[in-house]
Amino acid sequence: MTTSTGARTGPTGVKIVTGYQSLPCCAPLIESFVKGFKLSGSAYKRVMALLHQEMNNGLKHHSQGGADIKMFPTFVRSLPDGSECGEFLALDLGGTNFRVLLVRLQGHDVEIQSKTYLIPQRIMLGTGTQLFDHIADCIGKFVLEHDLQNHQLPLGFTFSFPCQQEGLAKARLSKWTKGFRCEGVVGNDICQLLQEALKRRTNCHVEIVAVVNDAVGTLMSAAHGDRNCEIGLILGTGCNACYMEGLDNVGTWKHGEEQDHHPRQVIINTEWGAFGDNGCLDFMRTEYDHELDTFSINPGKQIMEKMISGMYMGEIVRLVLVRLSHENLLFTSIDRDCNLFERGRFYTKYVSEIESDTDEFFRHTKQVLDELQVENYTTEDCKVVKYVCTLVSARAAFLAAAGLATLINRLNKQDMTIAVDGSLYRFHPRFHNLMCLKIKELVKPGLKFKLSLEKLGGITRLKRFLLKPDRLVEEKNCYFKLHEKEKR
Ligand code: BGC
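Analysis parameters
Residues numbered from 1 in each chain as written. Predicted model: local features only at pLDDT ≥ 70, side-chain atom pairs only at ≥ 80, totals over all residues. Heavy atoms only, no water. Helix = DSSP H or I, 4+ residues; strand = E, 2+ residues; numbered from the N terminus. Expected span 1.5 Å × (residues − 1). Buried < 20%, exposed > 50% of the residue type's maximum accessible area, 1.4 Å probe, protein only. Arc of directions from axis to C-beta. Contact = heavy atoms within 4.5 Å. Pairing = 2+ DSSP bridges. Axes fitted to C-alpha atoms, helices over the stretch in contact; angles between N-to-C directions. Polar contact = N/O pair within 3.5 Å; in protein donor to acceptor, adjacent residues only side chain to side chain. Core = buried A, V, L, I, M, F, W, Y, C linked by side-chain atoms within 4.5 Å. Lys, Arg positive; Asp, Glu negative; His and termini not counted. Salt bridge = Lys/Arg side-chain N within 4 Å of Asp/Glu carboxyl O. Left-handed = near helix turned anticlockwise from the far one by under 90°. Nonpolar A, V, L, I, M, F, W, Y, C, P; charged D, E, K, R; others polar. Near = heavy atom within 4 Å. Areas by Shrake-Rupley, 256 points an atom, 1.4 Å probe, with all protein chains shown as cover.

Caption draft 1: Seen up close, helix α5 (residues 190-201). Spanning twelve residues, α5 covers 16 Å between terminal C-alpha atoms, matching the ideal 16 Å at 1.5 Å per step. For α5, every residue scored as buried is listed here: Ile-190, Cys-191, Leu-194, Ala-197 and Leu-198. Taken end-on, α5 shows its buried residues confined to a sector of 130 degrees, consistent with a single buried face. Considering only its buried residues, α5 is in contact with β4 (87-93), α4 (128-145), β7 (152-159), β9 (170-173) and β10 (205-212).

Caption draft 2: Structural detail: helix α12 (residues 379-411). With 33 residues, α12 extends 47 Å between its outermost C-alpha atoms, agreeing within 8% with the 48 Å of an ideal straight helix rising 1.5 Å per residue. Burial of α12 is extensive: 29 of the 33 residues sit out of reach of the surface. A positive phi of about 50 degrees marks Asn-412, the residue just after α12.

Caption draft 3: Geometry of the sheet that holds strand β14 (residues 415-421). On the basis of which strands lie adjacent, the open sheet formed by six strands has the order β3-β13-β12-β11-β14-β15 and mixed pairing. Each edge of the sheet is formed by a strand with only one pairing partner; in this case those strands are β3 (72-73) and β15 (448-453). Two strands pair when backbone bridges link them, and β14 and β15 are joined in this way by six bridges, in the parallel orientation. Counted as the bridge partner of Asp-415 is Lys-448 from β15. Sheet strands touched by α12: β11 (229-235), β12 (239-246), β14 and β15. Its angle to β11, the strand with the most contacts, is close to 165 degrees. On the sheet, helix α14 (residues 431-442) packs against β11 and β15 and is oriented at approximately 165 degrees with respect to β15.

Caption draft 4: Region of the structure containing the environment of Leu-247. Along the polypeptide, Leu-247 turns up in the loop between β12 and β13 (265-269). Separated by 19 residues in sequence, Leu-247 and Val-266 place their C-alpha atoms 6.3 Å apart.

Caption draft 5: Inspection of the environment of Asp-277 at higher detail. Note on placement: Asp-277 falls in the loop between β13 and α7 (287-294). Note: C-alpha distance between Asp-277 and Asp-68 (209 residues apart in sequence) is 6.4 Å. Among all residues touching Asp-277, those that are not within four sequence positions of it are Asp-68, Lys-175, Gly-300, Lys-301, Gln-302 and Ile-303. A polar contact of 3.0 Å, which involves the side chain of Asp-277, links it to the backbone nitrogen of Ile-303.

Caption draft 6: Spatial organisation of the nonpolar core. Counting residues in each nonpolar core, the largest one holds 95 residues, and the members touching the most others are Leu-235, Trp-272, Leu-340, Phe-346 and Met-435. With 21 residues, the top contributor of residues to this core is α12. If we skip the residues at most four places from it in the chain, Met-435 touches Leu-233, Leu-235, Ala-397, Ala-400, Ala-401, Leu-404, Tyr-425 and Leu-451. The next biggest cluster of nonpolar side chains, apart from the first, holds 40 residues, and it includes Ile-139, Leu-148, Leu-155 and Ala-197.

Caption draft 7: Seen up close, the side chain of Asp-381. Positionally, Asp-381 belongs in helix α12. One buried charge, Asp-381, has no salt-bridge partner; the nearest side chain with opposite charge is Lys-383, at 11 Å. Those residues in contact with Asp-381 that sit more than four places away from it in its chain are Leu-330, Phe-331 and Asn-376.

Caption draft 8: Up close: the packing of helix α1 (residues 27-34) against α12. Contact geometry of α1 with α12 gives a least axis separation of 12 Å together with a crossing angle of 35 degrees. Between α1 and α12 lies a crossing of right-handed hand. Every residue of α12 that contacts α1 at Ile-30, Glu-31 and Val-34 is listed here: Val-384, Tyr-387, Val-388 and Leu-391. Here the contact of α1 with α12 is composed, by residue class, of six nonpolar, no polar and one charged.

Caption draft 9: Quick look at the pairing of β9. Alternating positions in β9 separate cleanly, Ala-171 and Leu-173 being buried on one face and Lys-170 and Arg-172 remaining unburied on the opposite face. Across four bridges, the pairing between strand β8 (residues 163-167) and β9 is antiparallel. What sits directly across from Gly-167, in β9, is Lys-170.

Caption draft 10: Here's a closer look at the site of the ligand. The ligand sits among 14 residues. The nearest are Thr-177, Asn-213, Asp-214, Glu-271 and Glu-305. At a separation of 2.9 Å, an oxygen atom of the ligand approaches a polar side-chain atom of Lys-178. Measuring from an oxygen atom of the ligand, one finds a side-chain N or O atom of Asp-214 at 2.5 Å. Starting from 310 Å² of accessible surface for the ligand in isolation, the protein chains cover 98%. Residues of the shell around the ligand, tallied by class, amount to four nonpolar, six polar and four charged.

Caption draft 11: Summary view of the pattern of salt bridges. Taken as a whole and assessed by the stated rule, the structure comprises 28 salt bridges. Across the pair Lys-170 and Glu-166 runs a salt bridge, and its minimum N-O distance is 3.7 Å. Assessed through its relative accessible area of 34%, Lys-170 is described here as partly exposed. When its relative accessible area of 35% is taken as the criterion, Glu-166 is described as partly exposed. For Lys-438, the salt bridge is made with Glu-441, and the minimal N-O distance between the two is 3.1 Å. With Lys-438 and Glu-441 both in helix α14 and three residues apart, this pair spans about one turn of that helix. A residue is classified by how much of its surface remains accessible, and Lys-438, at 7% relative accessible area, is buried.

It is worth stressing that arrangement in space is one thing and function is another; only the former is reported here.
Given below as structure tokens:
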């Protein structure tokens, strides 16, 4: 919804203003340090042309090896119909936490209990054995707490990292992303590693029956209620998209001529976060992007993700603020030992909070600056901080929009729903509207689209993916019945 002043209502119902905020008094000088974030329409069109080409490379057998965007075919060929029953565990791993869920289905009733466990950084950067042992230990405790030691429990695993899927419960990790770098996992089947750890560390009867990427789970979940839904998008700690592709276009599909009963299509997990790793996005990267990359745990990797996602956005803002402060254009009497100068201390949730300030009191902005131990800031400083946030998040939203517009144009369907999930999209007050504005500008005339927030996030996702992927029924002889109660 748009009002006459250009204010819109975001997904969380917060009023937002879509344009850039007006600049404070020292504008021209400040502007020279941030202008790299303001990109023209033709820059985003260039991104689209490059992305389209990279996607084609990823889909072709002969070029996938060298392609940055791997376009992994998944094992999901058709969407669930909701006729499943049982009791199962679900595991969600992809950020700094992981969640174990117990889902019980009794007739039409669904009971879900869940617990979130922290993954300490030493484990995120340790060995694969430590990681999977830790997960297995937590599952073991969860099973004990719920008195399930003697139950046979199928487990569905949402594993939000790039994997070459070789079966419904077989996925080889192609590389770690986000904050993870556990030794000895890349190239191995993560289901097998977890299954072995479960055997080593617990006495419980848990069997992994399916593994799915979060973007794929989001698409499956939404497509059940909306037949126009063909794209899944995650804007959270990381960033990724998937879509339904015709098998004839998937040169990397290894399963020969399909005589099965599935439609000739498969969900492609694009792993587009890696777009730009070959340098093709360098024309739009700023000095702050380069610095962030240099100090990341995976330099040169996940370039598009580093310009968009929640793991990095706050840090980009911090780097700009630090630069402005060094130039004496901001916080002129700041103590250089305060938290603002510490890498990683400006969280992306601060960006959302700051941008939700709509008046000159800057309540949230001040709260954030206090948390960062910035002292003696002025109202002008608050304006600049907010301005920097709007620029960094607008570029992120526009880049994600360019990615989506590329997919919408490829699919070329009249009406399309894009299922979106992830904390960045969920909590940022302007992301949704900024994306819609830019997509409208970039899609072929006449193509309509709708961005739809996955209402229950991970929980719905996990339920959906256990709904009825046929292979799960065929391969494992597990049968779940789940009645979807919540209305989308
Ligand atoms: C991973 C994807 C995942 C995305 C969102 C990226 O870093 O490579 O597999 O879907 O984060 O969680």
